[in-house]
Amino acid sequence: MAGLELLSDEGFRQDGRKPGELRKIQCRMGVFAQADGSAYIEQGNTKALAVVYGPHEVRGSRSKTLHDRAVVNCQYSMATFSTGERKRRPHGDRKSSELTIHLKQTFEAAILTQLYPRSQIDIYVQILQADGGNYCTCVNAATLAVIDAGIPMRDYVCACSAGFIEDTPLVDLSYIEEAAGGPQLALALLPKSDQIALLEMNSRLHEDHLERVMDAASKACKDVYAVLDQAVREHLQEVTALLGDQGSA
Amino acid sequence: MASVVLSEAEKVYILHGVQDDLRTDGRGCEDYRVIEVETDVVSNTTGSARVKIGHTDVLVGVKAEMGTPKLDRPGEGYVEFFVDCSANATPEFEGRGGEELGTEISNMLYKIFDNQSSVDLESLCILPREHCWVLYIDVLLLECGGNLFDTITICIKAALFNTRIPKVNVLEDDEGAKEIELSDDPYDCMRLNVEGVPCIVTLNKIGHRHVVDATLQEEACSLASVLVAVNMKGTLTCMRKMGKGSLDPESIFEMIGTGKRVAKSLHVSLQSVLNQEESMGKKRQKIGFLR
């Protein structure tokens, strides 16, 4: 393992976490005023910003229009200074295009698109600082932004990555753990119904272990859900208080 | 660029206000909106800052990388600018939509930094003709609510102030082979002198008067504007007239005068904020985008 001990004998990881422990999540909804919905999230040192525009009329070519549901349009980009080595382009490279498609799939599964026929919903995510789990952080940020925009969803989409090192499944991998090159799994879950919106695995892993890793990842997704749900409730409480209506929230 | 559509009546309202030195948000013609500055927001960079003026939000990251000096300037490092107009700001910037504006802004930045006094490029040289530091200044546009150029240059100045370039030693062995050694101590670093770094002040001509720090609505009423880049000493490093209208020479001189005056106080207050932030050291609570 490249001379680097990712899991100590005592069962702690590089940054002192236990195998099933998430990094600290801090988030905020409604960061920008001009967008319809926006959110910012920090998972450890990974920082992401998501902005949602829409639902609005389909922009550009009309041929994209779907007569029975809304088009979900995504763009994943990374700030050129977000990674250790400077990136040349913020988006449009192979990796970003792939993640753009993944995001689109994930949110098409979660947003109730049939409520908005012939319209378009834009989701733009931006990684400001990258330290592992970029895709998952973006999904979580985008979920909050979609909620902030008031677009109905089947459920939250919570994503978390997981790996498998020394016979132990690790969740919410940091950059060092990702770079070590072990198997890596990204899972986006609709936590209430236990439905999987996106599942992807790189590298190889024995089939016998897959279930354990999946279980660990979905447990982590539910932990993420608890944090996000709390944040949304707090945000709503704040907003309703500002509106002068204490409500029952 | 993100734009707003104003009715004739709204334009007249703004215009009359400007004539009486009272703008729609209560400011005078030479007043800036509240400027929020925070440095050291992205830890993967050598220096970073975020500046928010009204609804304009800009993040700048500076990355120092090792490179070879340019052939015509063998004893100097150099600076590269890149402006990313992200789709965050407006859906029009999606894909390649923001490239045109991005190139326009970065060309402007190259121009205002293209002089000896802005950044001490000689201090970026490690080994003449062989190695130097290249400063990649990457601007990320997060939201635009008017007065982009000023916000970007303020943010660049703050990020450069925050930049800490690791110190390197050049070792030479008996055969004359040179080796570059990076200091082990992460706090052993070089800082840039930002006294010469200019800030742009955009002056928008509205009616017979001109205003600084225009909002999107005011920009929609303005036919022409003048950009002046002024450094702390009050030296003009670049100026440019923008917009589709025309200006008479007299008003241009008047606008340059205002620009210099405003820029001076802008530099002084920016510097004091940056010094204050730095004096707090590690105790400063980082806010970033969390409120």
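About the thresholds
Residues numbered from 1 in each chain as written. Chains lettered and ligands numbered in written order. Predicted model: local features only at pLDDT ≥ 70, side-chain atom pairs only at ≥ 80, totals over all residues. Heavy atoms only, no water. UniProt positions renumbered as here; feature names shortened; annotations may be inferred. Helix = DSSP H or I, 4+ residues; strand = E, 2+ residues; numbered from the N terminus. Rg over C-alpha atoms; globule rule 2.2 N^0.38 Å. Buried < 20%, exposed > 50% of the residue type's maximum accessible area, 1.4 Å probe, protein only. Contact = heavy atoms within 4.5 Å. Pairing = 2+ DSSP bridges. Phe/Tyr/Trp six-rings, centres within 6.5 Å; stacked < 30°, edge-to-face > 60°. Lys NZ or Arg CZ within 6 Å of the ring centre and 35° of its normal. Core = buried A, V, L, I, M, F, W, Y, C linked by side-chain atoms within 4.5 Å. Salt bridge = Lys/Arg side-chain N within 4 Å of Asp/Glu carboxyl O. Polar contact = N/O pair within 3.5 Å; in protein donor to acceptor, adjacent residues only side chain to side chain. Nonpolar A, V, L, I, M, F, W, Y, C, P; charged D, E, K, R; others polar.

For chain B, an unreviewed UniProt entry supplies the name Exosome component 7 and the organism Pyxicephalus adspersus. Comment text from UniProt for chain B, heading Sequence similarities (unreviewed entry), reads "Belongs to the RNase PH family."

Per an unreviewed UniProt entry, chain A goes by the name Exosome complex component RRP41 and belongs to Pyxicephalus adspersus. The annotation that UniProt attaches to chain A under Sequence similarities (unreviewed entry) is "Belongs to the RNase PH family."

This part is about the overall build of chain A. If you tally the helices and strands in chain A, you get four helices and nine strands. Listing every helix and strand of chain A by position from the N terminus yields β-β-β-β-α-β-α-β-β-α-β-β-α. Computed over C-alpha atoms, the radius of gyration of chain A comes to 18 Å, within 12% of the 18 Å expected from 2.2 N^0.38 for 249 residues, which places it in the range of a compact globule. Considered along the principal axes of its C-alpha atoms, chain A spans approximately 55 × 45 × 35 Å. When the 249 residues of chain A are sorted by exposure, 53% land in the buried category. Nonlocal contacts in chain A, meaning residues at least 24 apart in sequence, comprise 68% of its contacts between residues at least 6 apart.

A count of helices and strands for chain B gives five helices and 14 strands. Taken over the C-alpha trace, chain B has a radius of gyration of 21 Å; the compact-globule value for 291 residues is 19 Å, and the two agree within 12%. In terms of its C-alpha atoms, chain B occupies a principal-axis envelope of roughly 80 × 40 × 40 Å. Looking at chain B as a whole, 54% of its 291 residues are labelled buried.

All names here are of chain B. Of all 13 residues in strand E6 (residues 131–143), twelve are buried; the element is thus mostly enclosed. Alignment of strand E3 (residues 56–67) against E6, held across eleven bridges, turns out to be antiparallel. The residue bridging Lys63 from the neighbouring strand is Tyr136, located in E6. With eight bridges joining them, strand E4 (residues 78–85) and E6 adopt parallel strand pairing. Its bridge partner lying in E6, Asp84 is registered against Leu140. If you look at the hairpin formed by strand E5 (residues 125–127) and E6, you'll find three residues sitting between the two strands, and Arg129 has a positive phi there, around 70 degrees.

Attention now moves to the packing of aromatic side chains. Under the counting rule described, the total for this entry stands at five aromatic pairs over all chains. Taking the centre distance of 4.9 Å and the plane angle of 40 degrees together, the rings of Tyr40(A) and Phe289(B) count as tilted. A residue pair is termed interchain when its members come from two chains, as with Tyr40(A) in strand E2 (residues 37–43) and Phe289(B) in the segment after helix H5 (249–280). The same class applies to Tyr40(A) as to Phe289(B), namely buried. On the basis of an interplanar angle of 90 degrees and a centroid distance of 5.1 Å, the ring pair of Tyr156(A) and Tyr225(A) is categorised as edge-to-face. Pair noted here: Tyr156(A) is in the loop between helix H2 (134–149) and strand E6 (158–165) and Tyr225(A) is in helix H4 (residues 207–242), with a separation of 69 residues, a long-range link. Just as Tyr156(A) is buried, Tyr225(A) falls in that class too. An aromatic cluster is defined as three or more aromatic residues linked by ring pairs; in this entry it consists of Phe81(B), Tyr110(B) and Phe113(B). It is Lys70(B) that lies over the ring of Tyr78(B); its NZ or CZ is 4.4 Å from the centre.

Attention now goes to the UniProt feature "domain: Exoribonuclease phosphorolytic" (unreviewed entry) in chain A. Residues and elements named next belong to chain A. In this numbering, the UniProt entry assigns the feature "domain: Exoribonuclease phosphorolytic" (unreviewed entry) to residues 21–152 and 155–220. Between the end C-alpha atoms of residues 21–152 the distance is 30 Å, and the span holds 25% helix and 33% strand. The span residues 155–220 shows a helical share of 29% and a strand share of 41%, and its end C-alpha atoms are spaced 16 Å apart.

As a further point, take the environment of Gly259(B). Residues and elements named next belong to chain B. Considering the arrangement of structural elements, one finds Gly259 in helix H5. Gly259 sits in the buried class, given a relative accessible area of 0%. Separated by 229 residues in the primary sequence, Gly259 and Glu30 have C-alpha atoms spaced 9.0 Å apart. In contact with Gly259, not counting residues within four places along its chain, are Val201, Leu203 and Val228.

This brings us to the nonpolar core. Residues Val60(B), Leu109(B), Leu135(B), Ile152(B), Ile156(B) and Leu160(B) are the most contacted members of the largest nonpolar core, which totals 67 residues. Non-local contacts of Ile152(B), meaning those with residues more than four positions away in its chain, are made with Val58(B), Ile105(B), Leu109(B), Val139(B) and Leu141(B).

On to the interface of chain A and chain B. If you look at the interface, chain A gives 34 residues, while chain B gives 33 residues. Taken together, chain A and chain B are joined by one salt bridge. Salt-bridge contacts for Asp138(B) lead to Arg86(A); the nearest nitrogen and oxygen are separated by 2.8 Å. Where chain A packs against chain B, one counts 19 residue pairs in polar contact (both at pLDDT 80 or more). Every element with two or more residues in the side of chain A that touches chain B is listed here: strand E1 (25–29), E2, strand E3 (46–57), strand E4 (71–78) and strand E5 (119–129) of chain A. In terms of residue count, E5(A) provides more of the side of chain A that touches chain B than any other element does, five residues in total. Each residue belonging to the side of chain A that touches chain B can be placed in one class, and the counts come to 15 nonpolar, eleven polar and eight charged.

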